[in-house]
Amino acid sequence: MKMLDLNPFFFEGGPMGCLLIHGFGGSPPEMRPMGEFLAQKGLTVLGVRLAGHGTTPEDMARTGWRDWVASAEEGLEELQGRCDPVFLAGLSMGGLISPCTWRPAIPWPGSSPCPRRPTSPTGAFASCRWCNPSCAGSLPTQNQT
């Protein structure tokens, strides 16, 4: 029986990089097929493992969203040391973490100080303050529209 490798993965490629972020309760293998595809297209790819994921339930219980964002930020910093530009892609919660890595010191091509994203039907993602408390911008919740 083959053991699944739950560790982060890295594929060396060209000067353009992509950070891949798995979802809640997941681990890097769920992003590996995308990473392999992007690497075949010439990108340098890093698939991070979020804190507490892919280990034990006890590790998961000791972590929260700030730890998960910090894991993605570490991966982004590593790729930015090697690549320019760097893109981010995430599955489910990994996609929500992606804009949380934005900081004024980390310019994204075409970025703005407040990454505006549409509200969900429940209004759950109505503000970028969830991940960046210093952000002054917000979108109206469902009840305010």
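Residues numbered from 1 in each chain as written. Predicted model: local features only at pLDDT ≥ 70, side-chain atom pairs only at ≥ 80, totals over all residues. Heavy atoms only, no water.

K.L.:
Before we go on, may I ask you to explain the overall build of the protein chain in this structure?
P.N.:
Helices and strands together make up the secondary structure of the protein chain, namely four helices and four strands. Of the regular secondary structure in the protein chain, the N- to C-terminal order runs β-β-α-β-α-α-β-α. Expressed as a percentage of its 145 residues, the buried residues of the protein chain come to 38%. Put simply, of all contacts in the protein chain between residues at least 6 apart along the chain, 60% involve residues at least 24 apart. In the structure as shown, the protein chain presents an accessible area of about 8,400 Å², 58% of it carried by carbon and sulfur atoms. (Helix = DSSP H or I, 4+ residues; strand = E, 2+ residues; numbered from the N terminus. Buried < 20%, exposed > 50% of the residue type's maximum accessible area, 1.4 Å probe, protein only. Contact = heavy atoms within 4.5 Å. Areas by Shrake-Rupley, 256 points an atom, 1.4 Å probe, with all protein chains shown as cover.)

K.L.:
Explain the side chain of Ser27 to me, please; I cannot follow it from the model alone.
P.N.:
By secondary structure assignment, the location of Ser27 is in the loop between strand S2 (17-21) and helix H1 (32-40). For Ser27, a relative accessible area of 11% corresponds to the buried category. Contact partners of Ser27, with chain neighbours within four places excluded, come to Leu6, His22 and Gly54.

K.L.:
What is the right way to look at the environment of Asn7 in this model?
P.N.:
As for its placement among the helices and strands, Asn7 is situated in the segment before strand S1 (9-11). Owing to a relative accessible area of 40%, Asn7 belongs among the partly exposed residues under this scheme. With 41 residues separating them in the primary sequence, Asn7 and Val48 have C-alpha atoms 8.0 Å apart. Excluding residues that lie within four positions of it along the chain, Asn7 makes contacts with Pro28 and Arg49. Within the structure, the side chain of Asn7 is placed 3.4 Å from the side chain of Arg49, a separation counted as a polar contact. (Polar contact = N/O pair within 3.5 Å; in protein donor to acceptor, adjacent residues only side chain to side chain.)

K.L.:
Explanation requested: unusual backbone geometry in the structure shown.
P.N.:
What is expected of a backbone is that most residues other than glycine have negative phi and most peptide bonds are trans. Of note, the bond from Asp84 into Pro85 is cis; its omega dihedral lies within 30 degrees of zero at 5 degrees. Note that Pro85 resides in the loop between helix H3 (65-80) and strand S4 (86-90). Phi at Ser92 is positive, roughly 55 degrees, even though this residue is not glycine.

K.L.:
Help me understand the pattern of salt bridges, please; the structure alone is not making it clear to me.
P.N.:
Here the idea is simple: oppositely charged side chains can pair when their charged atoms come close. Tallying each qualifying case throughout the model produces two salt bridges. With a shortest N-O distance of 3.2 Å, Arg82 and Glu12 are connected by a salt bridge. Pair noted here: Arg82 is in the loop between H3 and S4 and Glu12 is in the loop between S1 and S2, with a separation of 70 residues, a long-range link. Classification of Arg82 by relative accessible area gives partly exposed; the value is 49%. (Salt bridge = Lys/Arg side-chain N within 4 Å of Asp/Glu carboxyl O.)

K.L.:
How should the environment of Phe11 be read in this particular structure?
P.N.:
Looking at the secondary structure, you find Phe11 in strand S1. Counting along the chain gives 25 residues from Phe11 to Glu36, while the straight-line C-alpha distance between them is 7.6 Å. What Phe11 contacts, discounting residues up to four positions off in sequence, is Arg32, Gly35, Glu36, Ala39, Leu43, Thr44 and Val45.

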